[in-house]
Amino acid sequence: MGLTEYFDLDAHDTTVRTEVIAGITTFLTMSYIVVVNPAILAGIPGTKPGIVIDGFSPTQVRSMLAVVTIVAAATATTIMAFYANRPFAQAPGLGLNAFFAFTVVGALGIPWQTALAAVVVEGVLFILLTAVGAREYVIKLFPRPVKFAVGTGIGLFLAIIGLQEMGIVVADSATLVTMGQVASNPVAVLSVVGLFLTFVLYARGIKGAIILGVLVTTVLGWLVTQAGLVAPDAGLVAASTSATYDITPLAGSFLQGLGDIEGFAFALVVFTFFFVDFFDTAGTLVGVGQAGDFLDDEGNLPDVDKPLMADAVGTTVGGMLGTSTVTTYIESATGVEEGGRTGLTALVTAGLFLASLALVPLAAAIPLYASHIALVVIGVVMLSNVVDIDWNDITQTVPAGMTILVMPFTYSIAYGIAAGIISYPLVKVAAGEYNDLRAGHLALAGAFVVYFFVRTSGLLASSV
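Before going into details, it helps to say that this report is about the structure given with it. Note that the structure is a prediction, hence the values are computed from the model and not measured.

Along the backbone of the protein chain there are 22 helices and four strands. What you see for the protein chain is a C-alpha radius of gyration of 21 Å, in line with the 23 Å of a compact globule of 464 residues. Structurally, the protein chain occupies a C-alpha span of about 70 × 60 × 50 Å along its principal axes. Burial statistics for the protein chain: of 464 residues in total, 56% are counted as buried. A separation threshold of at least 6 residues defines the contact pool for the protein chain, and within that pool the share at least 24 residues apart is 79%.

Now the structure itself:
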């Protein structure tokens, strides 16, 4: 059976050539994750939370994570191709990796091995829930204004992480955050140059604009340092470019996490990941479907159970290998815009991810400020989802607005989603619009009230 028959290209009014071009386009637009995911997950002892491995430098850990990122993305996207026959690509999710590193490992002090174990358990639970159709049912209960607000909230969350790493936004005792000393900080100056260069490339419609912007910024930093315009220790170049393909310190480390847990504490961690991943994945799938015009009149993605299963299996495999939750990427819409309509587009993208294994040493040489340019660019692009929210309807404005605002200001995707879901039935009842409410809305709101109580009462932190 040929590709045309297997992926049913004729029924989708597409060709092999169109699908290949679409797959290449999708890969180019999301290839930045090979650099950015390791930069977020790889911790620095004493300064930055995340995955820290004794005996290995942060740069070496980043190269391991680059390999794991590639393998997880290729695996999940291949499943998407053959099982779901959708032109969607998957990889470790932005936002979820920040939640893993900064909230679970950093703020809560949970060992990264235990956090990976929670990801694996969560993935297995998602497989089971997807198999019986429970995830699809819950997603359909997701309030419409919250659906369309999730992408924007995540965008703001990513943007503030990126701006902080670039030295443009810094902490302030009086106002919490403020503008950094950009003019006197070489990292901030070059970050601004690289950011606007990337925006220019993106606006020009150049394929791979984000990864090109990151690479050009890295090269500029090296040239400025070599020319003696800044001190060698100014931070414009990576401290080390050593890389390793050996992922054995990461792969299977979740088993150590499973063997070193307290039942109640671990259950709460899985509970937290469950809510964050569940609704972040739902929001991302809706965002991808929205961009690709795949949604029905109710804002739902038809046959969503198949891409959800690809996500669930990808998350499980990724956690076993050593990375955070895998999800569908909004950049898949670029391939759709090029005409991609079937799983062949995803298969091409998966193949290109595997081919990018040759570039792991390059990923290890990219400094953090350059890699985080991608977060700001993607954050800005994700703001576009707000146009689908009916801002003239207060019962839409309140839950959407709470979702968008709470995410960046609390540094938590989960809190933003919870705020939106809790406020939805409250304003609907206040407005007397009882017919728009379902039992599921009330159940989700109640569950999130419990989640808020557990998360903010100190029970989780005090038990680990």
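The subject of this paragraph is the pairing of strand E2 (residues 169-172). As judged from the four bridges shared by E2 and strand E3 (residues 176-179), these two strands associate in the antiparallel manner. Paired with Val169 across the two strands is Met179, which belongs to E3. In this antiparallel pair of consecutive strands, E2 and E3, the connection spans three residues.

In this section: the environment of Ala414. By the secondary structure assignment, Ala414 is in helix H20 (residues 413-430). For Ala414, a relative accessible area of 2% corresponds to the buried category.

There is a patch of like negative charges on the surface, built from Glu5, Asp8, Asp10 and Asp13. Relative to the assigned elements, Asp10 resides in the loop between helix H1 (3-6) and helix H2 (16-30). Classification of Asp10 by relative accessible area gives exposed; the value is 63%.

Its 17 residues place the ends of helix H13 (residues 305-321) 24 Å apart at the C-alpha level, agreeing with the 24 Å of an ideal helix rising 1.5 Å per residue. Where H13 is concerned, the buried positions are Pro307, Leu308, Met309, Ala310, Asp311, Ala312, Gly314, Thr315, Thr316, Gly318, Gly319 and Leu321.

We now examine the pattern of salt bridges. For the structure shown, the criterion picks out two salt bridges. The shortest N-O distance in the salt bridge between Lys428 and Glu433 comes to 2.7 Å. Taken together, the shared-partner salt bridges in this structure form one network comprising Lys428, Glu433 and Asp436.

Moving on to a nonpolar patch on the surface. On the surface, Val189, Val193, Val216, Val219, Leu220, Trp222 and Leu223 cluster together into a nonpolar patch covering about 560 Å² of accessible area. Secondary structure elements with two or more residues in the nonpolar patch: helix H9 (186-203) and helix H10 (209-226). In terms of residue count, H10 provides more of the nonpolar patch than any other element does, five residues in total. On the basis of relative accessible area, Val216 is assigned to the partly exposed category, the value being 34%.

Time to look at helix H4 (residues 58-84). Structural remark: α-helix, 3.6 residues per turn; residues separated by three or four positions point the same way. Taking 1.5 Å of rise per residue, 27 residues should cover 39 Å, and H4 covers 37 Å from first to last C-alpha, within 8% of that figure. Most of H4 sits out of view: 19 of its 27 residues are buried.

It is worth spelling out the packing of aromatic side chains at this point. Under the defined criterion, the tally for this structure stands at five aromatic pairs. Aromatic side chains Tyr6 and Phe82 sit 5.6 Å apart centroid to centroid with 75° between the ring planes, which places their arrangement in the edge-to-face category. Placement of Tyr6 in helix H1 and of Phe82 in helix H4 is noted, with a sequence separation of 76 residues between them. By relative accessible area, which is 41% here, Tyr6 ends up partly exposed.

Below, the discussion takes up the environment of Val120. On the secondary structure map, Val120 appears in helix H6 (residues 112-131). Taking the C-alpha atoms as reference points, Val120 and Pro425, 305 residues apart in sequence, are found 33 Å from one another. Leave out the neighbours within four places in its chain, and Val120 touches Phe254, Thr316, Gly319 and Met320.

Take the side chain of Ser356 next. Its place among the elements puts Ser356 in the loop between helix H15 (343-355) and helix H16 (360-364). Given the relative accessible area of 7%, Ser356 is considered buried. Polar contacts involving the side chain of Ser356 include one to the main-chain carbonyl oxygen of Phe353, which spans 2.5 Å. When residues no more than four places from it in sequence are discounted, the contact partners of Ser356 are Phe27, Val34 and Ile70.

Moving on, we come to the nonpolar core. Counting residues in hydrophobic clusters, the biggest one holds 96 residues, and the most contacted among them are Tyr32, Ile51, Leu94, Phe100, Phe273 and Phe353. Top element by residues in this core is H4. It accounts for nine residues. Not counting residues up to four positions away in its chain, the partners in contact with Ile51 are Leu41, Ala42, Gly43, Val61, Leu65, Phe100, Trp112, Leu250 and Gly322. In this structure, Leu9, Met80, Leu301 and Val304 belong to the second largest nonpolar core, which totals 23 residues.

Of note in this structure, Asp8 is not a glycine but carries a positive phi near 55°. Looking at the secondary structure, you find Asp8 in the loop between H1 and H2. Unlike most non-glycine residues, Asn85 shows phi in positive territory, near 50°.

Let's shift gears to the packing of helix H8 (residues 144-165) against H20. For the pair H8 and H20, the least separation of the axes is 10 Å and the interaxial angle reads 155°. Considered as vectors, H8 and H20 are oriented roughly antiparallel to each other. When the axes of H8 and H20 are compared, the crossing they make is right-handed. Of H20, the residues touching H8 (which contributes Pro145, Val146, Val150, Ile154 and Phe157) are Ile413, Ile417, Gly420, Ile421 and Tyr424.

The rules we used
Residues numbered from 1 in each chain as written. Predicted model: local features only at pLDDT ≥ 70, side-chain atom pairs only at ≥ 80, totals over all residues. Heavy atoms only, no water. Helix = DSSP H or I, 4+ residues; strand = E, 2+ residues; numbered from the N terminus. Rg over C-alpha atoms; globule rule 2.2 N^0.38 Å. Buried < 20%, exposed > 50% of the residue type's maximum accessible area, 1.4 Å probe, protein only. Contact = heavy atoms within 4.5 Å. Pairing = 2+ DSSP bridges. Patch = residues over 30% accessible without salt bridge, like charges linked within 9 Å, V, L, I, M, F, W, Y side chains within 5 Å. Areas by Shrake-Rupley, 256 points an atom, 1.4 Å probe, with all protein chains shown as cover. Salt bridge = Lys/Arg side-chain N within 4 Å of Asp/Glu carboxyl O. Lys, Arg positive; Asp, Glu negative; His and termini not counted. Charge placed at Lys NZ, Arg CZ, Asp CG, Glu CD. Expected span 1.5 Å × (residues − 1). Phe/Tyr/Trp six-rings, centres within 6.5 Å; stacked < 30°, edge-to-face > 60°. Polar contact = N/O pair within 3.5 Å; in protein donor to acceptor, adjacent residues only side chain to side chain. Core = buried A, V, L, I, M, F, W, Y, C linked by side-chain atoms within 4.5 Å. Axes fitted to C-alpha atoms, helices over the stretch in contact; angles between N-to-C directions. Parallel < 35°, antiparallel > 145°, perpendicular 65-115°, else oblique. Left-handed = near helix turned anticlockwise from the far one by under 90°.

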